[in-house]
Amino acid sequence: EAETLAAAGVELKAGRLATNQLRTTADLSLADNTVLGPFETEIGHRAAQSLRIEAPAGRVSVAGDARIDLDGQGYAGDMPDNGGGDGEGPCGECGGSESFAASLAGEPAPLPVQERQGTQYWLANLPGRGGVAQPESTSENGNGGGVFSLRAQEFVLDGLVSVNGRPGLAGGQAGSAHIEVGRFAGAGLLRADGGQSRVNENRAGAGGLISLISAES
């Protein structure tokens, strides 16, 4: 585990690597059930987590049995028994049920914008909010999803990249994934699903944000 890793080339097999930033001047390969996730610096009442991969001249590949996992790594849910926040994050009182578009309404420049051929695009970089249950509840709610970003010459995804919110009494909102590559290929999945609610009185978490910029696919 390390907050930042830098290497000429990286091949990961059959294990878990935790870091917030990984930089390589060559290729990065995840295989044999490898899990790549964020380096957690706090427990319980913790900050939202992110993972950034930079391989501007290299190829990043995720095999079918490998995954990049930021599920539940966003803002904490309402966890009274664990020192957590009250549905932390922007518009925290809204819980994880409100969509990003609604929660960002009226806020100045909530996301960085990139212009391509006269069209402006939001770049997904926001963590998901934690879920908030009914006031009388003291059960754990789902954390929001974390933030993943990738910049590489080529990205081959046959496995999974996931920034889902966690389920709970109230589900957490999904996080964000931004991918900027020269070529994008593979038969894998990018997921940004809100966490499910375990009771009818509360809401599931909203879906997250995925932005993709690729010169070819």
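What you see is a predicted model, and the numbers here were worked out from it, not measured in a lab. Just so you know, the residues in each chain are numbered from 1, in the order the chain's sequence is written. Confidence filtering applies because this is a predicted model: local features only for residues at pLDDT of at least 70, side-chain atom pairs given and counted only at 80 or more, and all residues used for totals across whole chains, interfaces and linings. Values shown for side chains rest on all heavy atoms present in the structure; no hydrogens or waters enter the calculation.

**Observations concerning the sheet that holds strand E3 (residues 16–18)**
Link 1 in the chain: Spatially, E3-E6-E8-E12-E14 is the arrangement adopted by the 5 strands of the open sheet, whose pairing is parallel. The open sheet has two free edges, formed respectively by E3 and strand E14 (189–191), since each of these has just one partner strand. Strand-to-strand twist across the sheet, computed as the mean angle between neighbouring axes with direction ignored, equals 15°.
Link 2 in the chain: Pairing of strand E12 (residues 160–162) with E14 involves 3 bridges; the strand directions are parallel. The residue of E14 that forms the bridge with Leu160 is Leu189. Strand pairing requires that DSSP identify at least two bridges connecting the strands. Per the convention used, a helix needs a DSSP run of H or I reaching at least four residues, while a strand needs a run of E reaching at least two, with both numbered from the N terminus. Axis lines are fitted through C-alpha atoms, for helices just across the contact stretch, and the angle between N-to-C directions can take any value from 0 to 180 degrees.

**Side note on the pattern of salt bridges**
Link 1 in the chain: We define a salt bridge as a side-chain nitrogen of Lys or Arg found within 4 Å of a carboxyl oxygen belonging to Asp or Glu. Summed over all chains, the structure comprises 6 salt bridges.
Link 2 in the chain: A salt bridge links Arg52 to Glu54; the nearest nitrogen and oxygen atoms lie 2.7 Å apart.
Link 3 in the chain: Here Arg52 falls in the partly exposed class, since its relative accessible area comes to 41%.
Link 4 in the chain: The network of salt bridges with common partners includes Arg52, Glu54 and Arg151. Whether a residue is buried, partly exposed or exposed follows from its accessible area with a 1.4 Å probe, protein chains only, as a fraction of its type maximum: under 20%, in between, or over 50%, in that order.

**Section: the pairing of strand E7 (residues 50–62)**
Link 1 in the chain: Of the pairings in the sheet, the one linking strand E4 (residues 21–24) to E7 comprises 3 bridges and is parallel in character. Note that in E7 the partner of Gln21 across the bridge is Arg52.
Link 2 in the chain: Strand direction decides the pairing type here: strand E5 (residues 28–31) and E7, joined by 3 bridges, are parallel. When the sheet's bridge partners are listed, Ser29 is paired in E7 with Ser61.

**Regarding the nonpolar core**
Link 1 in the chain: Residues enter a nonpolar core if they are buried and are Ala, Val, Leu, Ile, Met, Phe, Trp, Tyr or Cys, with the set joined through side-chain atoms within 4.5 Å. Grouped together as the largest cluster of nonpolar side chains are 26 residues, with contacts concentrated most on Ile53, Val60, Ile68, Phe148, Leu150 and Phe155.
Link 2 in the chain: Those elements giving two or more residues to this core turn out to be E5, E7, strand E11 (147–157) and strand E13 (176–185).
Link 3 in the chain: Discounting residues that sit within four places of it in the chain, Ile53 has contacts with Leu22, Leu28, Leu36, Val60, Ile68, Phe148, Ser149, Leu150 and Arg151. By definition, residues are in contact when any of their heavy atoms lie within 4.5 Å.

By themselves these figures say nothing about function.
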